[in-house]
Amino acid sequence: GVPAVEYEVDEKGRERLKYREEGWKTWVWKGTEETPCAPYEVNYIEDGTDGTPIVLVHGFGAHAYHWRYQFPELAKKHKVYSLCLLGYGWSPKANVPYSMDMWGQQVADFIAEVVKQPAVVGGNSIGGVASLRAASLSPDMVQGLVLLNAAGNFEATPPTDEEREQMAAAEEQTGPGAWFK
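Notes on the structure follow. Just so you know, these numbers come straight off a predicted model, no measurement behind them.

How each quantity is defined
Residues numbered from 1 in each chain as written. Predicted model: local features only at pLDDT ≥ 70, side-chain atom pairs only at ≥ 80, totals over all residues. Heavy atoms only, no water. Helix = DSSP H or I, 4+ residues; strand = E, 2+ residues; numbered from the N terminus. Buried < 20%, exposed > 50% of the residue type's maximum accessible area, 1.4 Å probe, protein only. Polar contact = N/O pair within 3.5 Å; in protein donor to acceptor, adjacent residues only side chain to side chain. Core = buried A, V, L, I, M, F, W, Y, C linked by side-chain atoms within 4.5 Å. Contact = heavy atoms within 4.5 Å. Expected span 1.5 Å × (residues − 1). Pairing = 2+ DSSP bridges. Axes fitted to C-alpha atoms, helices over the stretch in contact; angles between N-to-C directions. Patch = residues over 30% accessible without salt bridge, like charges linked within 9 Å, V, L, I, M, F, W, Y side chains within 5 Å. Areas by Shrake-Rupley, 256 points an atom, 1.4 Å probe, with all protein chains shown as cover. Salt bridge = Lys/Arg side-chain N within 4 Å of Asp/Glu carboxyl O. Phe/Tyr/Trp six-rings, centres within 6.5 Å; stacked < 30°, edge-to-face > 60°. Lys NZ or Arg CZ within 6 Å of the ring centre and 35° of its normal.

## With respect to the side chain of Thr32
Locating Thr32 in the fold gives a position in the loop between β3 (25-29) and β4 (40-48). Taking the relative accessible area as the measure of exposure, Thr32 reaches 19% and is therefore buried. A polar contact is formed between the side chain of Thr32 and the backbone nitrogen of Glu34, at a distance of 3.1 Å.

Here it is, written out as structure tokens:
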């Protein structure tokens with residue numbers, strides 16, 4: 001079996017998840033129609049109590065260990081999960097067309113197959129967009145969303161040149177960030 005999650009204190013006295021070079025647990029993801037080489041052994045970290053499940057989704061260039069400082073505190077009152085999106089960390093670097101739809105489906109399937117109950121999902125950067133997509137695919141399994149520095153295009157298709165010109169003209173009239181005033 002997989003050894004229990006361990007914690008350590010860093011040089012600044014902060015508690016964090018102890019790094020494990022070989023990774024943590026794995027879940028076999030069946031993939032989507034766009035991922036014909038499936039199944040994939042996806043790495044994830046799990047710890048905590050029987051409280052409300054929290055699923056943490058890393059950002060671009062990161063992996064499950066990205067959340068190492070959040071685990072100790074969250075695990076005191078919640079069941080906490082952090083997965084490596086396909087193509088990141090300890091998960092396979094598959095030759096597939098990566099997309100927010102694919103990662104969103106991966107997060108939705110993870111919640112359904114591993115967590116097995118509605119969860120609060122927190123995502124950073126593209127992990128925020130993947131979390132948002134998972135919530136739209138499985139609204140009954142996502143009881144809350146926390147988006148941190150969420151990035152990406154939320155439209156099905158990028159804006160046309162004409163639409164960009166209209167947005168730029170509107171911003172010239174109101175000033176940048178006028179909606180925050």
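## Things to note about the nonpolar core
For soluble globular proteins, the rule of thumb is that nonpolar side chains tend to be buried together. Core analysis: the biggest nonpolar cluster contains 30 residues, and Val55, Leu86, Trp103, Val107, Phe110 and Ile111 have the highest contact counts within it. At the level of secondary structure, the elements contributing two or more residues to this core comprise β3, β4, β5 (54-57), β6 (79-83), α2 (100-115), β7 (119-124) and α3 (126-137). When residues of this core are assigned to their parent elements, the largest contribution, eight residues, is made by α2. Apart from residues no more than four positions distant in its own chain, Val55 is found in contact with Tyr81, Leu83, Phe110, Ile111, Val115, Ala119, Val120, Val121 and Gly122. Within the second largest apolar cluster, 13 residues are counted, among which are Val5, Ile45, Val80 and Cys84.

## Side note on α2
An α-helical turn contains 3.6 residues, so a residue and the one three or four places further along point in the same direction. Taking 1.5 Å per residue, 16 residues should reach 22 Å; α2 reaches 21 Å between its end C-alpha atoms and fits that length. Restricting attention to buried positions, one finds in α2 the residues Met102, Trp103, Gly104, Gln106, Val107, Ala108, Asp109, Phe110, Ile111, Val114 and Val115. Positive phi shows up at Lys116, right after α2, with a value of about 65°.

## Some words on the sheet that holds β3
With mixed pairing, the six strands of this open sheet are ordered in space as β3-β4-β6-β5-β7-β8. Looking along the sheet, the strands with just one partner apiece sit at the ends: β3 and β8 (142-148). With direction set aside, neighbouring strand axes in the sheet form an average angle of 25°. As paired elements, β5 and β7 share four bridges and run parallel to each other. Across the sheet, Val57 pairs through a bridge with Gly123, a residue of β7. Where α2 meets the sheet, it contacts β3, β4, β5, β6, β7 and β8, and its direction lies at approximately 115° from that of β3.

## Re a nonpolar patch on the surface
Taken together, the side chains of Leu132, Leu145 and Leu147 define a hydrophobic patch exposed on the protein surface, amounting to about 210 Å² of accessible area. Take Leu145: its relative accessible area is 34%, and that puts it in the partly exposed class.

## Focus: the environment of Glu8
Structurally, Glu8 can be placed in strand β1 (residues 7-9). Separated by ten residues in sequence, Glu8 and Lys18 have C-alpha atoms that sit 5.5 Å apart. Discounting chain neighbours no more than four positions away, the residues touching Glu8 are Arg14, Glu15, Arg16, Leu17, Lys18, Tyr19 and Tyr65. A distance of 2.8 Å separates a polar atom in the side chain of Glu8 from a polar atom in the side chain of Arg16.

## Some details on the packing of aromatic side chains
For the structure shown, the criterion picks out twelve aromatic pairs. Taken together, a centroid distance of 6.4 Å and an interplanar angle of 35° make the contact between Trp27 and Trp29 tilted. Relative accessible area serves as the criterion here: at 0%, Trp29 is assigned to the buried category. A centroid spacing of 5.2 Å and a plane angle of 75° characterise the contact between Tyr44 and Phe110, whose relative ring orientation is edge-to-face. A residue pair is termed long-range when its members are at least 10 positions apart, and Tyr44 in strand β4 and Phe110 in helix α2 qualify at 66 residues. By relative accessible area, which is 8% here, Tyr44 ends up buried. Members of the aromatic cluster, joined through ring pairs, are Trp27, Trp29, Tyr40, Tyr44, Tyr81 and Phe110. Stacked on the ring of Tyr69, the Lys or Arg Arg14 has its end atom at 4.7 Å from the ring centre.

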